[in-house]
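Observations on the three-dimensional arrangement
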Amino acid sequence: MSSPVRRSESRQSVAIVAVGRRREGSRGRGTSASSVEASFLEMQSRAGNQATTAAVQRARGADKGKGKATDEAAGGGGGGGDRANGGKKRKNYRDRIASLLDRFKKNLEPIDTWIKGAQTPANAGFTQQAAVTANEGLKHSAAASGTSAASGNLLTEAAGTVVSGMDAYKSMKDARKNGHGAGHHTANKRAKTKGTDAVVGAAGSGAYSAAIAKEVTKIQKAADAAVASEASGVASAAVAGMKSVRSVFRVGGAARKYKKVKELGDPQLVHAASLARLNESREHADWAAAEAYVALDSYWKQEGEGRLELIGEAVDAAWEAMGEARDAAEALQRAEKDVEKLGTVQGYAKKKQLTKIGKETIGGALGESTKAAAGVVTAVAAGTAGLATNPVGWGLAGAGAGLVLGVTLYKALRAATKRYEEVRHPEVWAKEGETPEEAASRKESLQHALKFWKKVSKGERAAMAREIYALAAGPDIAGSGGTTEEMRQSGMSLLIALKSGPTDHKLDQEAWVASLNDPSKTAGWIKEITEQLASG
C-alpha cells in the first residue's frame, strides 16, 4: 500500500515544478530574473527530485532480497491453512514493511538535511529578494524550488511518522508482554518516545503540506496566495514550537539525571573507608604470614621428639596464612579497580547527559524556537504586507535552520566516526574475555562509516553499560563474584540515578536485586542501561 503513495507524491512534486517552469517559460524568457539565480533554483529542484527517486530505488532494492529470505523462512514447508504459520507470515510481512520504510526514511535523511539546512533558507532569501524587486520570474522560480523542497520534506516526515507509529505499537506490546523489569521499562520508554515522534511527525507532515499549497498558489498566482502563506507560517510555527517544547523537556530530564549522578560523589572519597579497611586486612594478613614463617623457621632449628610434627603444623599454618594474605591482596586490588571503573562510568554518564543538554538546547530549544518565530513573522507579513516581504522572517528561518543543521551534522560526524572505529579497532570495546573480530582495512572501515542507516553496535556506550551492570550485578553473574557489597550498592545507586531503579521497573527492592543476579536477564539489563546512557 505504501509504494503507490510514494510514487504519486514524487510525480506530483515533479509535475508541479514542471507546470511552474512551463508557465514561466510561456510568459517569455526576457524577464528581469537573474539567469544565475534561476539556474540555481532549477538545479535545486531537479537535484532534490532526482535524489529522492534514487533513495526510493535504493530502499526497494535493499529490501527486496531481505523480503525474499523472510518469505522463505515464513513459509516453513507446512500447509497453507496452519494458523501459526499464517500468523508468523503476517508478522513477518509487517516487519518487512517496517524495515522497508525505515530504510527508505534513512536514505532520505541526508537529502532532507540538505533541504532544511540549505535549500529552504536559500528559497526564503530568493523569495524575499523577488518581493522587494517585484521580480515575477524569480518569484516563480523560487516557488517551484520551494515546492520541490517541501515535497521532499513531506516524504521524509511521512515515512518517519509511519515508522515511529509502528515502533510505538510494537514497543507497547513488548511492554505489556514483559509486565515489569528491565525489558518492560526499555520497551515502555521507547513506546512513549516513538509515540511522541509519531504525533510530532504527523503535525510536521501537515505543515509541509501547507507549505506545498503555499508554493503552488504562488506558481498559479492564485488570489488566496496570501491566505495560504499565512496558514503555512502558522503551521510551521506550531510544529517548531512543539519540537522546541519537547527539547526543553528533554533538557530537563537530562539535567535531573546529571544532578543525581553527580550527587553520588567521587568514588575515591565515597569508598575511602572501605579501601582503608581492605588495606588494613591485607597488612594484618601479611603480618600473620610473616609470623607463620618465623615460627616455621624456629621449628626447623629445634631438635628432639615431635620436631617433625611441629614442622608439619607450622607448614600448614604458613600455607594458610599465605593464602589469606593472597586473598586479602586480591580483594584490595579488585576493589581499587572497581572504584576506578565506577569513577569512569560515572564520568561517562555525566558527559552523555551534558552532551544531550547541549544538543537539545542548540538544535531543539533554540533552533526550533527560532524557526517558530520565523513562521510567526511569515504569517504576520503575509496577512499585513503581502507574501512574506519582511526580511526578518528570512533571517530567522536561516538562523534556525543553521542551528538545526549544525547539530545534525555533528551527530552524523560522530556516528560515522564510531562506525569507523568499531570495525577498524574492534579490540577497543570488545567484551572482556571475548576474542575480538579481525580488524577491517582502512577502505572497508571508511565504507562502513558511510553506511549512515546502520547503528553503532560495539561502541563505548555498550562497553560502559557492561561495566555498570558488572558493578551492580549479584554474585551469580560471571565476573561479579568478587565485587564488595559496598561497591555493589554504589552500582545499584548509579542505576537508580539513571532511572533504572525498582520504581522504574515496577518491582519491589528485593525482586529488583534478584533480577540483577539472574543470568538469564543479563542481556536485557545491558540493553536497558545502554538506552539510559543515551545522549539523544
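This text follows the structure it describes.
The structure reproduced in this document is the subject of the present report. (Residues numbered from 1 in each chain as written. Predicted model: local features only at pLDDT ≥ 70, side-chain atom pairs only at ≥ 80, totals over all residues. Heavy atoms only, no water.)

1. As for the layout of surface pockets
Gaps left between atoms are located by rolling a probe of water-molecule size over the structure's atoms. For clarity, the cut-off: Any residue with an atom within 4 Å of a point lines the site, the site being either a cavity, points on a 1 Å grid over the protein atoms alone where a 1.4 Å probe fits but cannot get out, or a pocket, an open set with protein on both sides within 12 Å along at least 5 of 7 lines. Grid points are joined across faces, edges and corners, and a volume is the space filled by probe spheres set on the points. Note on conventions: DSSP H or I runs of at least 4 residues are helices, E runs of at least 2 residues are strands, and numbering of each starts at the N terminus. Throughout this entry, Asp, Glu, Lys and Arg are counted as charged residues, while Ala, Val, Leu, Ile, Met, Phe, Trp, Tyr, Cys and Pro are counted as nonpolar. The remaining residues, Gly among them, count as polar.
Reported here for the second largest pocket is a volume of approximately 700 Å³. Along the wall of the second largest pocket there are 25 residues; nearest its centre are K341, E432, R466, E467 and A470. When contributions to the lining of the second largest pocket are tallied by element, the ones reaching two or more residues are α9 (307-385), α12 (460-472) and α15 (522-532). In terms of residue class, the lining of the second largest pocket is built from 11 nonpolar, five polar and nine charged.

2. Describing the packing of aromatic side chains
What counts, and what does not: The rule is short: rings of Phe, Tyr and Trp, with Trp giving its six-membered ring, pair when the centres are within 6.5 Å, and they are stacked under 30 degrees, edge-to-face over 60, tilted in between.
Under the definition given, this model contains one aromatic pair. Summarising the aromatic geometry, the rings of W512 and W525 are spaced 6.2 Å apart at their centres and angled 65° between planes, so their arrangement reads as edge-to-face. Of this pair, W512 sits in helix α14 (residues 509-516) while W525 sits in helix α15; the two residues are 13 residues apart in sequence, bridging distant segments of the chain.

3. Details of the pattern of salt bridges
Keep this limit in mind: Within this document, salt bridges are pairs made up of a side-chain nitrogen of Lys or Arg and a carboxyl oxygen of Asp or Glu, the two lying within 4 Å of each other. The buried label applies to any residue whose accessible area, calculated with a 1.4 Å probe on protein chains only, is under 20% of its type's maximum; exposed applies above 50%, and partly exposed to all values in between.
Within the structure shown, the criterion is met by 11 salt bridges. Of the charged contacts in the structure, one is a salt bridge between D286 and R282, with a shortest N-O distance of 3.1 Å. With a gap of four residues between them, D286 and R282 both fall in helix α8 (residues 272-301), about one helical turn apart. A salt bridge links D338 to R334, with the shortest nitrogen-to-oxygen separation between them at 3.1 Å. With D338 and R334 both in helix α9 and four residues apart, the pair spans about one turn of that helix. A relative accessible area of 25% places R334 in the partly exposed class.

4. Details of the environment of E427
Within the secondary structure, E427 is located in the loop between α10 (391-424) and α11 (442-449). By relative accessible area, E427 is classed as partly exposed at 44%. Through-space distance from the C-alpha of E427 to that of E438 is 8.6 Å; in sequence the pair is 11 residues apart.

5. As for a positive patch on the surface
Under the convention used in this document: A patch consists of residues exposed above 30% relative accessible area that lack any salt bridge, with like charges linked at up to 9 Å and nonpolar side chains (Val, Leu, Ile, Met, Phe, Trp, Tyr) linked at up to 5 Å. Areas reported as accessible are Shrake-Rupley estimates using a 1.4 Å probe. Residue values count occlusion only from the protein chains shown. Charged residues are defined narrowly, with Lys and Arg counted positive, Asp and Glu counted negative, and His plus the chain ends left uncounted. A charge is said to be at NZ when it belongs to Lys, at CZ for Arg, at CG for Asp and at CD for Glu.
Together, K189, K192, R256, K260, K499 and K506 line one region of the surface with positive charge. If you list the elements that add at least two residues to the positive patch, you get α5 (181-220) and α6 (225-263). Along the polypeptide, K189 turns up in helix α5. Judged by its relative accessible area of 31%, K189 is partly exposed.

6. Some details on the packing of α12 against α15
What counts, and what does not: As a rule, the C-alpha atoms of each element are fitted with a line to give its axis, helices using only the stretch in contact, and angles between N-to-C directions run from 0 to 180 degrees. Oblique is the label for every angle not falling under 35 degrees (roughly parallel), over 145 degrees (roughly antiparallel), or within 65 to 115 degrees (roughly perpendicular). The crossing is said to be left-handed when, going from far helix to near helix, the turn is anticlockwise and less than a right angle, and right-handed when the turn is clockwise. Should any heavy atoms of two residues lie within 4.5 Å, those residues are considered in contact.
Two numbers describe how α12 lies on α15: the axes approach to 8 Å, and their chain directions differ by 120°. On the basis of the axis angle, α12 is oblique to α15. When you trace α12 past α15, the crossing you get is right-handed. Residues R461, A462, A465, R466, I468 and Y469 of α12 lie in contact with α15, whose contacting residues are T522, W525, I526, I529, T530 and E531. Across the contact of α12 with α15, the residue classes break down as seven nonpolar, two polar and three charged.

7. Details of the nonpolar core
Note the threshold: For this analysis, a nonpolar core means a set of buried residues of the types Ala, Val, Leu, Ile, Met, Phe, Trp, Tyr and Cys, connected via side-chain atoms within 4.5 Å.
Core analysis: the largest hydrophobic core is formed by 30 residues, its most contacted members being I468, L495, W525, I529 and L533. The element contributing the most residues to this core is α9, with seven residues. Once residues within four sequence positions are removed from consideration, L495 is found in contact with I468, A472, S500, G501, W512, L516, W525 and I529.

This is a description of form; function is not addressed.
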